Amino acid sequence: MRFFKRQNNVLPGFGPTLGFTIFYLSLIVLIPLSALVFRTAGLTWGKFISTVTAPRVMASYKVTFGAAIIAEVINAIFGVLVAWVLVRYRFPGRRIIDALVDLPFALPTAVAGITLATIYSPNGWAGRYLEPLGIKVAFTPLGIVLATTFIGLPFVVRTVQPVIEEIEVELEEAATCLGANRWQTLKLVIFPMLLPSILTGFALSFARGVGEYGSLIFIAGNMPMVSEITPLLVINLLQKWSRRYAE
Amino acid sequence: MSALNKPISNRDRSQTEPAFVRRLLIAIALVFLTLFLALPLGAVFSQAFEKGLTVYLDAIREPDTLSSIKLTLITAAVCVPLNLFFGVTAAWAIAKFCFPRKNLLITLIDLPFSVSPVISGLIYVLIFGLQGWIGPWLQEHDIRIVFAVPGIILATIFVTFPFVARELIPLMEAQGKEEEEAALVLGATGLQTFFIVTLPNIKWGIIYGVILCNGRAMGDFGAVSVVSRHIRGMTNTVPLHVEILYNEYNYTAAFAVASLLAFLALITLAVKSVAEWKVRQELENQ
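Definitions and limits used
Residues numbered from 1 in each chain as written. Chains lettered and ligands numbered in written order. Predicted model: local features only at pLDDT ≥ 70, side-chain atom pairs only at ≥ 80, totals over all residues. Heavy atoms only, no water. Helix = DSSP H or I, 4+ residues; strand = E, 2+ residues; numbered from the N terminus. Rg over C-alpha atoms; globule rule 2.2 N^0.38 Å. Buried < 20%, exposed > 50% of the residue type's maximum accessible area, 1.4 Å probe, protein only. Contact = heavy atoms within 4.5 Å. Areas by Shrake-Rupley, 256 points an atom, 1.4 Å probe, with all protein chains shown as cover. Lys, Arg positive; Asp, Glu negative; His and termini not counted. Charge placed at Lys NZ, Arg CZ, Asp CG, Glu CD. Arc of directions from axis to C-beta. Phe/Tyr/Trp six-rings, centres within 6.5 Å; stacked < 30°, edge-to-face > 60°.

Enquirer: Sorry, what's going on with the overall build of chain A here?
Expert: A count of helical and extended segments in chain A gives 12 helices and zero strands. The secondary structure elements of chain A, listed N-terminal to C-terminal, are α-α-α-α-α-α-α-α-α-α-α-α. Relative to the globule expectation of 18 Å for 247 residues, the C-alpha radius of gyration of chain A, 24 Å, shows a markedly less compact shape. The principal-axis extent of the C-alpha atoms belonging to chain A is close to 75 × 75 × 35 Å. Each of the 247 residues in chain A was classed as buried or not, and the buried ones make up 48%. Intrachain contacts of chain A at a sequence separation of at least 6 include 72% that bridge at least 24 residues. Only carbon and sulfur atoms are counted for the fraction: they give 70% of the accessible area of chain A, which is about 12,300 Å². Side chains of chain A carry 20 positive and 13 negative charges; the gap between the two charge centres is 11 Å.

Enquirer: Where do I start with the overall build of chain B in this structure?
Expert: Helices and strands together make up the secondary structure of chain B, namely 14 helices and zero strands. Secondary structure of chain B in N-to-C order comes out as α-α-α-α-α-α-α-α-α-α-α-α-α-α. Once the C-alpha set of chain B is aligned to its principal axes, its extents read approximately 65 × 60 × 30 Å. Here chain B holds 286 residues, and 53% of them are scored as buried. Sequence separation of at least 24 residues holds for 70% of the intrachain contacts in chain B that already meet a minimum separation of 6. Per element, the accessible surface of chain B, about 12,900 Å² overall, is 66% carbon and sulfur. Across chain B, the 21 positively charged side chains and the 21 negatively charged ones have centroids separated by 6 Å.

Enquirer: Explain helix α10 (residues 178-185) of chain B here, please?
Expert: Along an α-helix, residues three or four positions apart point the same way, because every turn accommodates 3.6 residues. Residue and element names in this part refer to chain B. Taken residue by residue, α10 has Glu-180, Ala-183 and Leu-184 as its buried positions. Here the buried residues of α10 occupy an arc of 100° about the axis, which is enough to place them on one side. More than 90 degrees from the buried face of α10, the exposed residues found are Glu-178 and Val-185. Phi turns positive, to about 105°, at Gly-187, one or two residues after α10.

Enquirer: Quick question: what am I supposed to make of the packing of aromatic side chains here?
Expert: The geometry of two aromatic rings is summed up by the distance between their centres and the angle between their planes. In the structure shown here, the tally under the stated rule is 25 aromatic pairs over all chains. Geometrically, the ring pair formed by Phe-105 of chain A and Phe-155 of chain A is edge-to-face, given 4.9 Å between the ring centres and 75° between the ring planes. Of the two residues, Phe-105 of chain A sits in helix α5 (residues 103-106) while Phe-155 of chain A sits in helix α8 (residues 141-166), which places them 50 residues apart along the sequence. Take Phe-105 of chain A: its relative accessible area is 40%, and that puts it in the partly exposed class. Seen from their ring centres, Tyr-246 of chain B and Tyr-251 of chain B are 5.0 Å apart, and the 50° between their planes marks the pair as tilted. Accessibility expressed as a relative area gives 9% for Tyr-246 of chain B, which makes it buried. By way of ring pairs, the aromatic residues Tyr-213 and Phe-218 of chain A together with Phe-221, Tyr-246, Tyr-249 and Tyr-251 of chain B are connected into one cluster.

Put into structure tokens, the structure is as follows:
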């Protein structure tokens with residue numbers, strides 16, 4: 001029995017390339033990830049529930065997910081604005097700014113983490129001015145929101161940008177001809193077209209924000225119950241666990 | 001600022017916002033991006049050079065820093081070629097042939113992107129750690145994988161796994177297979193077809209994928225910090241070394257080393273912009 005039926009394709013190398021792809025994929029990704037699933041499945045159901053709902057763990061979910069939601073709402077608003085400005089308007093330095101949007105992708109997370117922590121620490125560039133106003137950013141949940149916003153920004157901009165580029169001018173012209181003013185066109189014609197991509201960008205950056213570790217631990221303060229993020233908790237538990245079993 | 005007042009081409013005045021709205025939106029975007037992107041970037045370099053060039057160079061020439069740079073270079077030198085080879089083979093199979101469950105395969109290839117970096121490291125500890133699947137056997141034979149260099153390399157391969165493949169698959173799908181078929185009909189062998197016909201077409205896609213893969217391989221922190229034991233001079237990559245220096249309140253040195261990574265990020269962005277532009281051009285020429 002052949003799983004793949006013979007193709008009408010003269011190109012060579014299907015078997016070896018697909019074979020290698022599946023082999024490498026299994027070796028590097030699928031087998032290791034299944035280890036995680038089996039390890040979790042090794043716990044009894046009750047123990048699993050009590051592990052994932054321990055008060056300290058619950059508090060870390062609240063910090064992690066709460067910060068990610070706030071940060072991605074900020075990103076959804078400003079990311080769309082940035083994408084709009086980059087596509088629709090011409091101004092000096094536009095190309096450089098366009099390239100700079102990907103900085104959070106390219107900048108190693110540890111570098112982003114120590115930099116943000118330094119800028120927003122009480123005597124840092126920005127913290128200096130926020131401190132007298134009574135706003136503490138570094139080492140508080142606010143810092144987590146800030147760092148999560150930083151790493152999530154390119155996801156929203158880069159998903160919305162191509163959609164804005166694709167919008168045809170005729171649609172807007174039609175709206176204008178039918179008597180819509182600019183604001184109505186934006187609200188009733190353009191925004192609904194952008195909405196799916198905004199939601200996609202939101203989801204992508206949310207997923208990234210929830211799992212983020214490097215850029216957050218430096219600014220988070222890492223106080224259990226207050227500003228401890230879930231990925232850090234995983235690391236702490238792991239270290240305790242490996243120390244217990246070491247040697 | 002006359003450029004500001006001109007509506008962009010093929011759009012007349014009624015199809016864009018009034019000038020003051022445009023300026024206001026541009027201003028908001030610029031302020032937001034300055035606060036969130038330019039300020040941190042500037043801060044890295046300003047902190048690094050705060051105490052002058054000599055202190056900066058001393059921090060980088062320090063033996064532990066040099067050994068962390070070496071480890072990072074070794075890691076990237078192993079990971080990038082492996083993932084490049086995988087990316088090209090996977091893209092060839094997926095873009096040039098039809099087979100069932102193709103979309104499932106593409107989703108699985110993207111999987112490492114949706115896994116938290118910490119979990120990416122954890123899975124290797126679960127397999128190779130002392131309590132892991134083959135940990136005890138490894139220990140009997142005195143092979144160290146996690147908390148040693150091989151673990152770091154494995155975790156890095158995992159987190160950089162999709163970069164090349166996900167860049168090449170859409171590009172090669174868009175290019176189709178007519179050119180390759182023509183080459184084969186004219187008598188070229190399979191490898192000749194690949195190297196002479198396909199490779200020049202996907203050159204910029206490869207560069208794009210490799211530069212992103214390399215950037216992440218050198219800069220990854222979360223996954224590597226789980227599988228490394230953070231021993232100075234031995235299992236410390238550059239990002240981990242930055243963390244150690246920072247936690248020792250050695251800020252200038254931390255930022256000096258971090259500035260190397262920031263340089264790398266800027267180069268990555270520059271090459272990426274060029275490659276992106278070239279890829280677009282190539283697709284338009286099709």
